[in-house]
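# Tertiary structure, described
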Amino acid sequence: SAAFQVEGQYTTPSSTSLGWDAKGVLANGGKELSFAVDVTGTLADQESKKHDVVAQADVVVTGGDVYFRLRTLNVEPPHPAIHAEQAAALIGTWYKLPGSGSQPDVAPDPGLLRAQSQVIHVTEDRGLSRVGDHDSYNYAIEADPQKLRQFLEAAGSEQGTESASALVALLGGMKGDMLINSKTFFVDKFRWASSAQGASSMALDMTLTNHNNAAPVVPPQGAVPFDLKSITPVTLPASTTPVEDEGGNFPLFR
């Protein structure tokens, strides 16, 4: 287990720019987590107009189940793709996502673990850096696009090759650094930033503390099943693109 804080930024060429700050805990070797996240930034619409976004949410993953609670969501001026009324109806209630449930405890495939470790390359040993009250090994790292694709395909992504390609495009050019406690060998921090020019980019900075001493992950009480069919979707204009049509199937988006 460990407590974590992660700050991130996501931008697109269309002037969408979102930042997030999440705090929470990991447990059971990373299979369970609980965190609260604040999201701020701007969304661009089809006419490149900017809309300010402020949102807060909570997420819990435990025992194979996924829960979420939307605490706040404000978009000014209103974005044409966001169904404000239906989003407002979700605020304050814990929901359990459909299709969740306990999964059997299956031993991980050693080949898959090896492929995952090979996705990250150490490009430079920067020596020791001070983190809190101890020294940490500081390594420059990067993601290998080809091995990232192999890892995603081996993981059997249900979204298929197209989804894997999108993740490779976003994550394959990531570079950063990782700091590892020189005494315990726990990961203290890691930072990632994409290096692609003229494309969507992402950066994140994560700090891990309280290793093996973090608070337990506890599922929320009284969560309501989240049924997409119970919320009437909004019909999209005929002029929208296929990508936007897919987004319109989610009840919060027009």
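Residues numbered from 1 in each chain as written. Predicted model: local features only at pLDDT ≥ 70, side-chain atom pairs only at ≥ 80, totals over all residues. Heavy atoms only, no water.

For the rest of this paragraph, the subject is the confidence of the model for the chain. On average, the chain scores 80 in pLDDT, and the residues at 70 or more come to 75%. Throughout residues 100-107 the model reports pLDDT below 50, and contacts reaching past four residues in sequence, or to other chains, amount to ten contacts. (pLDDT = per-residue confidence, 0-100. Contact = heavy atoms within 4.5 Å.)

Moving on, we come to the nonpolar core. Membership of the largest hydrophobic core comes to 18 residues, with the highest contact counts inside it found for Val6, Phe190, Trp192 and Met206. If you list the elements that add at least two residues to this core, you get β1 (2-11), β8 (134-143), β9 (174-181), β10 (187-194) and β11 (201-209). Of the residues forming this core, the biggest block, four residues, is contributed by β11. Apart from residues lying up to four places away in sequence, Met206 is in contact with Phe4, Gln5, Val6, Asp188, Lys189 and Phe190. Core analysis: the next-biggest nonpolar cluster, separate from the first, contains eight residues, Ala3, Val60, Tyr67 and Val217 among them. (Core = buried A, V, L, I, M, F, W, Y, C linked by side-chain atoms within 4.5 Å. Buried < 20%, exposed > 50% of the residue type's maximum accessible area, 1.4 Å probe, protein only. Helix = DSSP H or I, 4+ residues; strand = E, 2+ residues; numbered from the N terminus.)

It is worth spelling out the side chain of Thr16 at this point. With respect to the element layout, Thr16 can be found in the loop between β1 and β2 (17-27). Assessed through its relative accessible area of 9%, Thr16 is described here as buried. A distance of 3.0 Å separates a polar side-chain atom of Thr16 from the backbone nitrogen of Ala44. Beyond its immediate chain neighbours, meaning those up to four positions away, Thr16 contacts Tyr10, Thr11, Thr42, Leu43 and Ala44. (Polar contact = N/O pair within 3.5 Å; in protein donor to acceptor, adjacent residues only side chain to side chain.)

Considering all chains together, one arrives at eight salt bridges under this definition. For Asp65, the salt bridge is made with Lys96, and the minimal N-O distance between the two is 3.8 Å. One end of the pair, Asp65, is in strand β5 (residues 65-76); the other, Lys96, is in strand β6 (residues 94-96), with 31 residues separating them in the sequence. The buried category is assigned to Asp65, whose relative accessible area is 11%. Given a relative accessible area of 30%, Lys96 falls into the partly exposed group. One salt bridge connects Arg191 with Asp177, and the closest N-O pair in it is separated by 2.7 Å. Note that Arg191 is positioned in strand β10 and Asp177 in strand β9, a separation of 14 residues in sequence. In the salt-bridge network here, residues are joined through shared partners; they are Asp58, Arg69 and Arg71. (Salt bridge = Lys/Arg side-chain N within 4 Å of Asp/Glu carboxyl O.)

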